[in-house]
Every structure is written in C-alpha cells, then in structure tokens.
Amino acid sequence: MRRTLFFILIIVCFYNVKAQKQLLIDEVYGESQINIALNEVNKIYIPPKMDAILLKSAETGCFNVTYENFPEDAKAAFQYALDIWESVISSPVKINVVAKWESMSSSILAYGKPAVYYKNFTGAGYTNVYYPVALAEKLAAKEMNGSSEPDIICFFNKDISWYFGTDGNTPSSKYDFTTAALHEITHGLGFSGFFSVEEGSGLINNSNELPSIYDFYIFNKSNQRIADNTVFARPSAELYHQLTSESLRFVGSDEKSASTDEFPYVYAPENWKEGSSLYHLDYSSVGSDDDNSLMTAYKFKGQAVHTPGESTIEMLSEMGWKTISFNFEPLKDLEETCQQIKVSLGINSEVAFDSSSIKIIYSNSYFTTKDSFPLTYNSSTNLFTGNLPVNYQLGNIQYYIVAKSTENKIYSLPSNAPTKKLTFRIGPDYAPPTVSHNPVKIISKQLKSMHLEATATDDLGVNSVKVEMKINGIVQEPVVLNPGSNNIFSSDIYIDEQLLNYDSVEYRIIADDISKSNNKIIVPASGYYSAKVFDAVEPVNSYENDFNTNTEDFITADFEISEVSGFSSGILHTSNPYTQSAFENEKYNLIAQLKTPVIIEDFGQMSFKEVVLVEPGENDADYTETLFWDYVIVEASKDSGKTWLPLTSGYDSNTDKTWYSCFANSINNKSAMIGNESMFLEHIINLTDNTELVAGDTVIFRFRLASDQSINGWGWAIDDLKIQKTFATPEEEIASVQNFNVYPNPFANNFYVDCSGSDEVSDMEILVTDLAGKTIFTEIWTDVQYNQKKQINLNNIQPGIYLVNMITDAPERITKKIVKY
C-alpha cells in the first residue's frame, strides 16, 4: 500500500481480525518456498521419465506463461520445464504462470508459490482445507481467480550463474535452470502450505488457521495428523516440536500408517528453516542422485534433475491432480411431475476407472431411505446416461454421483458426498427470484446516463429483469437489463436530453421467473431508490473546507457533514457504522464527491486529516483483490465522473497501529468501535506525482469507501481538507530569496530548485544536510543558464527536517529548511 502520510509509517504484525469473517474466507495467500544454492559440485543428470517430451505451445498445453524481465535463453528452458509437467498433469482450465527475473541473495536460486488458495469450492475433496488455485480450478473445472490472474508465481535470481541448456550437461560452475524451474512450478502446483514457527510455537499462518491440502497429509511416526488441532493445538510448543522432529512423512489417503515407506520423509530439521522446512523432501531420504531429488531444498552446481520424480507425482496425485471429475449440470427444479428424468454426464479422468460403477444415489426422504440407478456409457456422445425414476412424486429429491477406480477408490460429486448432496424440487413454484443490488446514489448530468446492474437467481430460471424509473416524478418507459455471466443483469440507461434539468431520479428493479405463476419480486420492497444528481460548478484553482458548517459543496451517498461524538468540531464522515454490500461479490460504495472542479497545478497538493476504521484485509493483498476486504480511496475524474483515477492505493485500518488495534479489539470484544479526534493522522497527496493528472487538467475529486458483504465498522472521518491551498509560512521555511525557489515543501521523494527568476547564476553547488550538519546530498549544478529547474531525489532518506544550501558565485550561502514527510 503506497500512501503519503506526514509521519513515518509503523509496520506492525497483528493477527488478522478473527470474527465471523473467518467463516467466509474462501481464499487466502501463502508464503513462497525457497530453493537454496550450494557451493558444492555434484555433476549428475536425471532425464525426464518418458521416451520423449512432446514440445507444445502455450496455446495447446495447459499452461500460459507471462515473463517479467526474462532473458530469451531462460524462456526456452522455462518452457521446457512446463512441457515436462504437461506430460504429467492436465487441467480443463489454463494454468497461468508468472515468471519473474530479479536480484536476490546469492544463496537463493529461486522461490515460488501458488498465487492464492481456495477452500470449500465445488469439487474440493475435503472441507475447510485450502487448495492451491491451479488445483482448485482443475477440481472445480472453472476459473476461480480470473482468467488473466496468475495461478503460480515463480521468482528466479538473475545474479546466479545459470545454465540454460536443456540437455542436462550442466557445467560444474553453473546451476541448472530447468531444474530450478521444475522445482518452483511444483511448489505452485501444491508442494506448499501454511505451517510456520514463531517464538517457539508452531502455527498455521493464515487468518482461518486452516491447513493446505499438502499440510493435511502430513503425519508423524505415531500416525497422528499434525494439522489436527484436537491433537496439536495451534499455536503451541507441541506443534513446534512436531514441525522440527525430523520424522514427518506425507501419508496417502489409502495408507494405514505413517510408518509405511511409500513416500520419503519431508524436510523437518530440528531448527525450523522458514521457506525450506516441511515443503521439501528430506535430503537424507532421497539423496542427490535419486529420481525424487528435485524437491529437496538444496541444489548443487552441475546437478540437473529433469523429472519431478515418482514420489512427487504421487503426492500431487493424492492431493487431487489425478482424479475422476464429473462434467455435470445439476438438475433444476420442475413444476410438472413425471415418471423419470433423463440424466447425462461426462467424465474426465487421469485414473483408470470401472465404467460399470457410475451411478446416482438418491432419496426423497432426506436419506432415511435411499436407492440408486446406474449410468451407462454412450460411445456416440461420450456421455454416461440414465433415467432417474421419480414416479410422479412431488417434493425434494437429494442425490449424489459416484464412480469407482480400478483400485476400488471411490470418487463422488459433490466430492464430500454423502455429507453434502445435490438437491432439486418437483412441484408448483411460488417462490420469486432473489435479487441483490447495490443502489446507484449519484448521477452526473454531464454523462446523461446511469449504469445499473443486479444479480438475479431463481431455482426454475429468471425470465427478465427490468427497471422502472421516474425523473422528477415523471414515469419513464421500463428498461430491460441485459443478462450476463454469473447471473448478473446490467445496462447503461440513457437520460433523454429534454430531461437534463432533472433534480431527482428514482428507480426500482422488477424480476420475474419462468414459472406458471410468473412469480415477481420488486426491489426495494416499497418505494424507490433515489439517486442524487451531480452538476459541477465553475472550476477553481484551490479549495479548502474545515467542515464546521454543513456546506453544499459536496454531493454525498452515505456520507454527511456534521458534528460526531468524539470530535470537537464538524467533520466529513461516512455513516457510523458504514453500510455493507447487498451481495457477495461486489463492493458497496459510500461516496463524498466535491462539486467544485479544481484546475491542477504543477506540484499541487491535497491534504486532510483522517481516521480510518474500516475492516483490515489479509496481509500482502492488493486493494483490487477480494482479500482486501473493505478500503478507502481518494480518486479524481477528468471526464465528469465517467472514469475515476486513483490518487492513492486503497487502504484500511492496517495503515496505522492505533486504527488497527481499535478495530481488532472491538471485534474481539463484540462491541462497536468509535473513532475520535486523537486518532487523526495527516494525509498529503501530491496530485501530479505518480498519478495520471498533469498541470492544466480540470478535475473533480471524491472520497470513496468500498464495503463488502461481511464485517463493517465505524467508518471514515475527514477534516481540514485543503486542495492546492497556498499559505504564508515563515521565510526560513520556504526558499524564495534572490529569485531562487525550492518546492514543494513539504515533499515526499523529490523537490526542485528553481532558478528561472535569475539570469545571473551560471553554476551552483546544492548541499543538503540534516540538522546535525551531516551531509545527505551534494551536487554541482553546471548548466543553470540552460536548465533552470533541477530535480533533487531524496527518496532514500528518512522523513524529517533538512537544510538546503545553495552556494553560488555570490559571497553568501543561501540556506533554507525543507521538510520530508
């Protein structure tokens, strides 16, 4: 998170908020696993375990790869590693890999990880267990984090002496790149998880304290699952001793005891090694010349291992990479009863299975009693088909699908059946659709349109979703929303130019289903949603507001200007607590939008005081991602609000220790947090520094809080807003003597020395010192007459007060104070 605050940001490590949100977190992030470079030489080549690798393009294989700063010869070796893995695994969903070329410690070859993990999705083999996204997408047979988002992220040390050949003839002075690439891809496929150590305690390092699928399969010699918190509490010293016991093994689901030798020991040294322990195979179990040596934590010079190894492949298979998956659309509700319902499904399988074992287990008594019927293979359609005998029954029917491998292992849909089952209903339908919608609160006159979208679902099916609208009380023609993916209906609704002088827009959403009853729902249940109309006033060069009076300068949605308990004067603030989203996958926006456009100046600044008590997101998440739960952001628009540009990244209560502590403690105590003015922090934004704004732009500004469907909080408070407001400061604070100028002051990373007001200076020495006289920066400026503005970069120094000394041909030295924030 990049913010400009007039203080030194304190980075603090807190556990994430552990309230009801934990039950809803279906995705989390994990840490990278590290591959260590040894100085020793072990020249050996272990080739791929197949007659030949069929080299495929990214378009025909199951991987897509994006390279960042990669040399061409490294790309060829990386693609070769992908080809090796494509000969072993398959997925109906493309696996997006990002490969990065960066500098890092000389002892590190590379590191990699899954981009994100998911739990409790359709197709998951176990409940409350996290799966790496590539595996989750394979099991669910659908994209889960977006088709353009990475699934696996690999980092490679560009300062290592690499061998990029694919023939295994790695020189004794180099490290084999294909080996490193295979290793990191394996971490991304599932050789990864959440076990960690902190101050002598073992723990699972995610906000739900739930294991990865790899973690789930780790057992000790006593055949105890170390992820079982009824056996080993977490965090605990007992779990720490297990993680450092040197006696942990991956145990397959069909094994009876952890003492079996189907898999090697995992690396669990007596001293925990972050990034290496547990998520590698133990070197003493496999050595450096074993087929399974790829996944040891250390690599030698000259060592080329171009096969994942049978143990690694079987471990990934146990996690789910080799499975039977069902291509099946769940049965929909029916209004008319019948004797039987035709059922068909396809099967994708990496394991041999008994085609006569495919059947559906069903019940109309919630499995007090049950029955089954077989599905038979149709070679012409490549589908398994059969008829579900419902015998003119009415009511609910529950069912699940099973298949058996030739080794008698049972696979099912849902994967955790019979605990979880599918269901449908037969009989008249009197239930209306379900509609979720985040209301539009502000409409720009200049845009002449409003964008509306809603999610509508129904067990039988949605017939239509339309909008009824009134402008200044005048009823308009209904507008039908267009159906899209994920049950989202949307449309841009244009306002007739003859109605441009409207003051109010009201609307409601009506959805009906395809039942005989044509069930309908109206949202809201009574009345209409009301949207405020935004009409910009004449632009200004600067703006300020102390919010001590309730001005009409802002158009607001779930914001207001008023006095609030805990604050001695008026503030701009959200509703307290702030509003939550109406549905799961979309944020609700609380907005305060300044009506007055501002003409941007070079080095213009915005400043305000704020308190941010909004739900903190997961560590390392970006505000554009789901796991950055709620956030606040400052934005600008150059096109009357059609598009908005971020002036900051989104941020939350994690930004400040006091804010976070207030939010977390109040959640733990199940009480409402309350902000107060002692929590105020100064926020300064350079409007043309790393933004898309340039001098001369006329822009409008807004403050936005984006809220998800779960936990909310007290909200956001803003005071003493100043935009490009110039204030008189003591002469020693701003250098403007002898036609020299130093600005901006305060500054973030860069400031300028400007001599454009003087024609008499040919060269100048610029010397920056701290208040103790220590030199921070020095430079001789020799071309002042030709380039009269000089940028000084001080991004590597701490915030504070510094002295800028400008030494010219004149006898005196001009010294001025400048502040870095």
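Small disclaimer: the values here were computed from a predicted structure and weren't measured.

Let's talk about the sheet that holds strand E6 (residues 117-118)
Logical step 1: Reading across the sheet, the 3 strands line up as E1-E6-E7 and stay open at both edges, with antiparallel pairing between neighbours. Across the chains shown, the open sheet's two edge strands, defined by having one partner strand only, are strand E1 (27-28) and strand E7 (131-132).
Logical step 2: Two elements, E6 and E7, share 2 bridges in a ladder whose sense is antiparallel. Bridge pairing links Tyr117 to Pro132 in E7.

Focus: the pattern of salt bridges
Logical step 1: Considering all chains together, one arrives at 11 salt bridges under this definition.
Logical step 2: Linking Glu635 and Arg702 is a salt bridge whose minimum nitrogen-to-oxygen distance equals 2.7 Å. Remark: Arg702 occurs in strand E46 (residues 698-707) and Glu635 occurs in strand E43 (residues 631-637); sequence separation between them is 67 residues. The same class applies to Glu635 and to Arg702, which are both buried.

Re the side chain of Thr648
Logical step 1: One can find Thr648 in the loop between strand E44 (645-646) and helix H8 (657-668).
Logical step 2: Thr648 sits in the buried class, given a relative accessible area of 8%.

Quick look at the pairing of strand E24 (residues 422-426)
Logical step 1: Where burial is concerned, the two faces of E24 differ: the one with Leu422, Phe424 and Ile426 is buried and the one with Thr423 and Arg425 is not.
Logical step 2: Inspection of the sheet shows strand E22 (residues 395-404) paired to E24 by 5 bridges, in the antiparallel sense. Residue pairing across strands places Gln398 opposite Thr423, the latter belonging to E24.

Focus: the environment of Asn416
Logical step 1: Within the fold, Asn416 resides in the loop between strand E23 (410-413) and E24.
Logical step 2: Considering only alpha carbons, one finds Asn416 and Thr122, 294 residues apart in sequence, at a separation of 9.3 Å.
Logical step 3: Among residues more than four places away in sequence, those in contact with Asn416 are Ala124, Gly125 and Thr127.

Considerations on a negative patch on the surface
Logical step 1: The grouping of Glu262, Glu310, Glu314 and Glu407 at the surface amounts to a negative patch.
Logical step 2: Position of Glu310 relative to the elements: it lies in helix H7 (residues 310-321).

Side note on the environment of Gly275
Logical step 1: For Gly275, the location among the structural elements is in the loop between strand E14 (249-250) and helix H6 (283-286).
Logical step 2: Expressed as a C-alpha distance, the spacing of Gly275 and Ser32, which sit 243 residues apart in the sequence, is 6.4 Å.
Logical step 3: Residues in contact with Gly275, not counting those within four places in the same chain, are Ser32, Gln33, Ile34 and His280.

Focus on the packing of aromatic side chains
Logical step 1: Scanning all chains against the criterion turns up 44 aromatic pairs.
Logical step 2: With 5.9 Å between their ring centres and 55° between their planes, Tyr214 and Phe250 make a pair best called tilted. One end of the pair, Tyr214, is in helix H4 (residues 213-216); the other, Phe250, is in strand E14, with 36 residues separating them in the sequence. Taken as a pair, Tyr214 and Phe250 share a single burial class, namely buried.
Logical step 3: On the basis of an interplanar angle of 85° and a centroid distance of 6.5 Å, the ring pair of Tyr651 and Trp716 is categorised as edge-to-face. Placement of the pair is Tyr651 in the loop between E44 and H8 and Trp716 in strand E47 (residues 715-723), with a sequence separation of 65 residues.
Logical step 4: Overall, the relative accessible area of 0% leaves Tyr651 in the buried class.

A look at empty space enclosed by the protein
Logical step 1: Inspection of every chain in the model, using the stated rule, returns 2 cavities of 30 Å³ or more.
Logical step 2: Taken as a whole, the second largest cavity holds about 30 Å³ of empty space.
Logical step 3: What lines the second largest cavity is simply Leu109, Trp162, Tyr175, Asp176, Thr179, Ala180, Lys299, Phe300 and Gln303.
Logical step 4: Looking at the lining of the second largest cavity, the elements that each hand over two or more residues are strand E10 (175-176), helix H3 (177-189) and strand E15 (298-305).
Logical step 5: Ranked by residue count, the leading element in the lining of the second largest cavity is E15, at 3 residues.

Section: H3
Logical step 1: Given a rise of 1.5 Å per residue, 13 residues ought to cover 18 Å, and the 18 Å separating the end C-alpha atoms of H3 matches this to within 8%.
Logical step 2: In terms of residue burial, H3 counts as a mostly covered element, since 13 of its 13 residues are buried.

Quick word on the packing of helix H1 (residues 72-86) against H3
Logical step 1: Orientation of H1 relative to H3, taken along the N-to-C sense of each, is 50°, at an axis distance of 9 Å. Of the possible angle classes, the one that applies to H1 and H3 is oblique. By crossing handedness, the relation of H1 to H3 is classed as right-handed. Where H1 abuts H3, its residues Ala74, Ala77, Phe78, Tyr80, Ala81, Leu82, Ile84 and Trp85 lie against Phe177, Thr178, Ala181, Leu182, Ile185, Thr186 and Leu189.
Logical step 2: Within the contact of H1 with H3, the residues separate by chemical class into 13 nonpolar, 2 polar and no charged.

A look at the nonpolar core
Buried together is how nonpolar side chains tend to be arranged in soluble globular proteins.
Logical step 1: Counting 91 residues, the largest nonpolar core has Phe78, Ile95, Phe156, Phe177 and Phe195 as its most contacted members.
Logical step 2: With 8 residues, the top contributor of residues to this core is H1.

Looking at the confidence of the model for the protein
Logical step 1: When pLDDT is averaged along the protein, the result is 85; 88% of the residues meet or exceed 70.
Logical step 2: Confidence drops under pLDDT 50 across residues 51-60; counting only partners more than four residues distant or on other chains, this segment forms 16 contacts.
Logical step 3: In the predicted structure, residues 727-737 sits below a pLDDT of 50 and forms 20 contacts with residues beyond four places in sequence or in another chain.

As for the sheet that holds strand E52 (residues 789-793)
Logical step 1: Across the sheet, which stays open at both edges, the 3 strands sit in the order E48-E49-E52 with antiparallel pairing between neighbours. A single partner strand is all that each edge strand has here, and the edge strands are strand E48 (741-743) and E52. Averaged over all adjacent pairs, the angle separating strand axes in this sheet is 20°, with direction ignored.

Details of H7
Logical step 1: The terminal C-alpha atoms of H7 lie 13 Å apart, and with 12 residues this falls more than 12% below the ideal 16 Å at 1.5 Å per residue.
Logical step 2: Judged by how many residues are buried, H7 sits mostly within the fold: 10 of 12 residues are covered.
Logical step 3: For H7, every residue scored as buried is listed here: Ser311, Thr312, Ile313, Met315, Leu316, Ser317, Glu318, Met319, Gly320 and Trp321.

As for the packing of helix H2 (residues 133-140) against H7
Logical step 1: One can describe the packing of H2 onto H7 by two numbers: an axis separation of 11 Å at closest approach and a directional angle of 50°. Taken as axis vectors, H2 and H7 run oblique relative to one another. Together, Ala134, Leu135, Lys138 and Leu139 of H2 and Met319, Gly320 and Trp321 of H7 make up the contact between the two elements.
Logical step 2: Across the contact of H2 with H7, the residue classes tally to 5 nonpolar, 1 polar and 1 charged.

Re the environment of Lys94
Logical step 1: Tracing the chain through its elements places Lys94 in the loop between H1 and strand E4 (95-102).
Logical step 2: Taking the relative accessible area as the measure of exposure, Lys94 reaches 26% and is therefore partly exposed.
Logical step 3: Along the chain, Lys94 and Glu143 lie 49 residues apart, while their C-alpha atoms are 8.4 Å from each other.

Quick look at the pairing of strand E28 (residues 462-471)
Logical step 1: Note: E28 against strand E33 (residues 504-513), 9 bridges, orientation antiparallel. For Val467, the partnering residue across the bridge sits in E33 and is Ile509.
Logical step 2: As judged from the 2 bridges shared by E28 and strand E30 (residues 479-480), these two strands associate in the antiparallel manner. Across the sheet, residue Lys466 finds its bridge partner in E30, namely Val480.
Logical step 3: Of the strand pairs in this sheet, E28 and strand E29 (residues 474-475) are connected by 2 bridges, and their pairing is antiparallel. By the bridge assignment, Lys470 is partnered in E29 with Val475.
Logical step 4: Hairpin connection between E28 and E29: a loop of 2 residues separates the two successive antiparallel strands, and Asn472 in this loop has a positive phi of roughly 50°.

What counts, and where the lines are drawn
Residues numbered from 1 in each chain as written. Predicted model: local features only at pLDDT ≥ 70, side-chain atom pairs only at ≥ 80, totals over all residues. Heavy atoms only, no water. Pairing = 2+ DSSP bridges. Helix = DSSP H or I, 4+ residues; strand = E, 2+ residues; numbered from the N terminus. Salt bridge = Lys/Arg side-chain N within 4 Å of Asp/Glu carboxyl O. Buried < 20%, exposed > 50% of the residue type's maximum accessible area, 1.4 Å probe, protein only. Contact = heavy atoms within 4.5 Å. Patch = residues over 30% accessible without salt bridge, like charges linked within 9 Å, V, L, I, M, F, W, Y side chains within 5 Å. Areas by Shrake-Rupley, 256 points an atom, 1.4 Å probe, with all protein chains shown as cover. Lys, Arg positive; Asp, Glu negative; His and termini not counted. Charge placed at Lys NZ, Arg CZ, Asp CG, Glu CD. Phe/Tyr/Trp six-rings, centres within 6.5 Å; stacked < 30°, edge-to-face > 60°. 1 Å grid on protein atoms, 1.4 Å probe; cavity = no way out; pocket = protein on both sides within 12 Å on 5 of 7 lines; lining within 4 Å. Points joined across faces, edges and corners; volume = space filled by probe spheres on them. Expected span 1.5 Å × (residues − 1). Axes fitted to C-alpha atoms, helices over the stretch in contact; angles between N-to-C directions. Parallel < 35°, antiparallel > 145°, perpendicular 65-115°, else oblique. Left-handed = near helix turned anticlockwise from the far one by under 90°. Nonpolar A, V, L, I, M, F, W, Y, C, P; charged D, E, K, R; others polar. Core = buried A, V, L, I, M, F, W, Y, C linked by side-chain atoms within 4.5 Å. pLDDT = per-residue confidence, 0-100.

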